[in-house]
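This is what each chain is made of:
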Amino acid sequence: MQTQLKRGTLELCVLTILCRCDRYGYELVNIISDCMHITEGTIYPLMKRLKDAGSIDSYIVESQEGPPRKYYRITESGRKIQKEQESEWRSFSEAINKLINGEEGSK
Amino acid sequence: MTYTTRADFMSGLREALGRNNIPDARDILIDFDQHFDGGAAAGESEADVCAKLGDVDEIVKQYISETDGRFTEAQKETPVQETVITDNEPEKNMNTGDFAQTAKEASAPEIKNERSGPSAGGIVGVIFMDIFLFSWTLITLLSLIISLYAVTIAFAASGIAIFVGAIMIAAVGAAGFISTGFAPISLIFCGIMMCAFGGMLVIASIAATRGFINLIIAVINLNARRFTGHNVCRKIGRKYREERD
């Protein structure tokens, strides 16, 4: 998969995963890397941008077994952005699918 | 640059972040350190985690492109080297709590390894610091805190005394024995004001005590790490504390 295409959609992936429930970094990265081939280290810079923009947020949870874990959660503005991006993605991918399947103009 | 061990990866990343003046390097290092923790818990080898994370320089490049050149001068003035809290300055760490502790360990994995066992030099150093630095600092701080409590009690007690006195004067005045004018009212306000000031001092005293106890714990832990290789006390308020922002 092309890097540019992936980069553009990774934000939607991260926001969507966090919309369902809070995740810690390793978990989140693994959910994405299970679906597509990515360089895992590149997710963290993206998450930092999302955090700086106020779309996501983090908190620390002490763990009985191991070291404390930093969890990420989505903010209200992040939820809004996710919804916008999701509908954009759906209409975009529908259009591309139509084009690829040769359905353009045939209604 | 790619690495095969956690310690090399983390020090390579720290160095690259510092070289490029990336802001919030401490948070970034925590993310990656915790990623290694997650990998270890899932049974992945350090080499595997490193390979999947990819090239450190690529990661740092991405941080630069994600921040889109938005680094401010203020952020540039606090490069990563300053965020690493060194072992020699435990006072600096006194009130920053849980996160700074995690950051300290995250950003300085090799320092952590060095302090994993007692060493003769380290023990002599820490005893020297105990005698010539910590003891005097702590005694001075303790006496300052005791004075703060004394001032607090004095304010609160005199406030209450003035308040009660004013009410008694008002009662005498109301009974018609003497003419008191507006004196009781101004005295009552004066009493309330002093009590309020005393209240603020109580909050300040509690904060100061808490900071002082954390400082003592930091000193105890510094000693404990030198002798036994690990911390023995937890700081107050560490549990479930949210991140600074």
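Remember, it's a predicted structure, so these values are computed and weren't measured experimentally. (Residues numbered from 1 in each chain as written. Chains lettered and ligands numbered in written order. Predicted model: local features only at pLDDT ≥ 70, side-chain atom pairs only at ≥ 80, totals over all residues. Heavy atoms only, no water.)

*Asks:* An account of the overall build of chain B is needed here, citing residue identities and associated values.
*Replies:* Broken down by element type, chain B carries 10 helices and 0 strands. The helix and strand sequence of chain B, counted from the amino end, reads α-α-α-α-α-α-α-α-α-α. Per-residue burial over chain B gives 37% buried out of 245 residues. A sequence separation of at least 24 residues applies to 75% of the contacts in chain B between residues at least 6 apart. Surface summary for chain B: the accessible area is close to 13200 Å², and the carbon and sulfur share equals 67%. (Helix = DSSP H or I, 4+ residues; strand = E, 2+ residues; numbered from the N terminus. Buried < 20%, exposed > 50% of the residue type's maximum accessible area, 1.4 Å probe, protein only. Contact = heavy atoms within 4.5 Å. Areas by Shrake-Rupley, 256 points an atom, 1.4 Å probe, with all protein chains shown as cover.)

*Asks:* Describe the side chain of Thr75(A), naming the residues involved and giving the relevant values.
*Replies:* Residues and elements named next belong to chain A. Mapping Thr 75 onto the fold places it in the loop between strand E3 (69-74) and helix H4 (76-101). With relative accessibility at 18%, the residue Thr 75 sits in the buried group. Non-local contacts of Thr 75, meaning those with residues more than four positions away in its chain, are made with Gly 54, Ser 55, Ile 56 and Asp 57.

*Asks:* Mind laying out the packing of helix H2 (residues 25-35) of chain A against helix H3 (residues 43-52) of chain A, listing which residues take part and the relevant values?
*Replies:* All names here are of chain A. At a closest axis distance of 11 Å, the pairing of H2 and H3 adopts a crossing angle of 115°. Where H2 crosses over H3, the two elements pack in a sense that is right-handed. In contact with Gly 25, Tyr 26, Leu 28, Val 29 and Ile 32 of H2, H3 contributes Ile 43, Tyr 44 and Met 47. (Axes fitted to C-alpha atoms, helices over the stretch in contact; angles between N-to-C directions. Left-handed = near helix turned anticlockwise from the far one by under 90°.)

*Asks:* Describe H2(A), with residues and values.
*Replies:* Given 3.6 residues per turn, any residue in an α-helix points the same way as the ones three and four places further on. Of all the positions in H2(A), only Gly25(A), Tyr26(A), Leu28(A), Val29(A), Asn30(A) and Ile32(A) are classed as buried. Along its buried surface, H2(A) packs onto helix H1 (3-20), strand E1 (23-24), H3 and E3 of chain A together with helix H2 (25-41) of chain B.

*Asks:* Go over a nonpolar patch on the surface with me, naming the residues and quoting the values.
*Replies:* Residues and elements named next belong to chain B. Together, Ile 160, Phe 163, Val 164, Ile 167, Met 168, Ile 185, Phe 189 and Ile 192 give the surface a local cluster of nonpolar side chains, amounting to about 750 Å² of exposed area. Looking at the nonpolar patch, the elements with two or more residues in it are helix H9 (120-174) and helix H10 (183-228). It is H9 that contributes the most residues to the nonpolar patch, 5 residues altogether. Positionally, Met 168 belongs in helix H9. Met 168 gets classed as exposed once you look at its relative accessible area, which sits at 54%. (Patch = residues over 30% accessible without salt bridge, like charges linked within 9 Å, V, L, I, M, F, W, Y side chains within 5 Å. Salt bridge = Lys/Arg side-chain N within 4 Å of Asp/Glu carboxyl O.)

*Asks:* Quick rundown of the packing of aromatic side chains? Include the residues and the values.
*Replies:* If you walk through the whole model with that rule in mind, you get 9 aromatic pairs over all chains. Aromatic rings pair up to connect Tyr44(A), Tyr3(B), Phe9(B), Phe32(B) and Phe36(B) into one cluster. One cation-aromatic arrangement involves Arg69(A) over Tyr24(A); the distance from NZ or CZ to the ring centre is 4.0 Å. (Phe/Tyr/Trp six-rings, centres within 6.5 Å; stacked < 30°, edge-to-face > 60°. Lys NZ or Arg CZ within 6 Å of the ring centre and 35° of its normal.)

*Asks:* If you had to explain the sheet that holds strand E2 (residues 56-61) of chain A to someone new, which residues and values would you point to?
*Replies:* What the 3 strands build is an open sheet, ordered E1-E3-E2 (chain A); its pairing is antiparallel. A single partner strand is all that each edge strand has here, and the edge strands are E1 and E2 of chain A. (Pairing = 2+ DSSP bridges.)

*Asks:* Quick rundown of the pattern of salt bridges? Include the residues and the values.
*Replies:* All names here are of chain A. Inspection of the entire model under this criterion finds 14 salt bridges over all chains. A salt bridge links Arg 90 to Glu 86; the nearest nitrogen and oxygen atoms lie 2.9 Å apart. One end of the pair, Arg 90, and the other, Glu 86, are both in helix H4, 4 residues apart, so they sit about a helical turn from each other. Take Arg 90: its relative accessible area is 51%, and that puts it in the exposed class. Its relative accessible area of 27% is what places Glu 86 among the partly exposed residues.

*Asks:* Any details on the interface of chain B and chain A? Residues and values, ideally.
*Replies:* On the chain A side, the residues contacting the 34 residues of chain B number 25 residues. Among the residues of chain B in contact with chain A, Asp31(B), His35(B) and Glu66(B) are the three that bury the most area, contributing 21% of the side total. Our count for the chain B to chain A interface comes out at 3 salt bridges. Here Arg49(A) makes a salt bridge to Glu66(B), at a shortest N to O gap of 2.3 Å. Between chain B and chain A we count 11 residue pairs in polar contact (both at pLDDT 80 or more) in total. When contributions to the side of chain B that touches chain A are tallied by element, the ones reaching two or more residues are H2, helix H3 (46-53), helix H4 (56-67) and helix H7 (97-107) of chain B. When residues of the side of chain B that touches chain A are assigned to their parent elements, the largest contribution, 11 residues, is made by H2(B). (Buried area = accessible area lost by both parts, 1.4 Å probe. Polar contact = N/O pair within 3.5 Å; in protein donor to acceptor, adjacent residues only side chain to side chain.)

*Asks:* So what's going on with the packing of H1(A) against H3(A)? Residues and values would help.
*Replies:* Residues and elements named next belong to chain A. Close contact between H1 and H3 brings their axes to 11 Å; oriented N to C, the two are set at 70°. Judged by the angle between their axes, H1 and H3 are roughly perpendicular. Across from Leu 10, Glu 11, Val 14 and Leu 15 in H1, the residues of H3 making contact are Ile 43, Leu 46, Met 47, Arg 49 and Leu 50. Counted by class, the contact of H1 with H3 contains 7 nonpolar, no polar and 2 charged residues. (Parallel < 35°, antiparallel > 145°, perpendicular 65-115°, else oblique. Nonpolar A, V, L, I, M, F, W, Y, C, P; charged D, E, K, R; others polar.)

*Asks:* Break down unusual backbone geometry for me, citing the residues and quoting the values.
*Replies:* All names here are of chain B. One non-glycine residue, Asn 21, lies in positive phi territory at about 50°. Relative to the helices and strands, Asn 21 is located in the loop between helix H1 (6-19) and H2. Phi at Asp 24 takes a positive value of approximately 55°, unusual for a residue other than glycine. We classify Asp 24 as partly exposed; its relative accessible area is 39%.

None of the figures reported here should be taken as evidence of function without further support.
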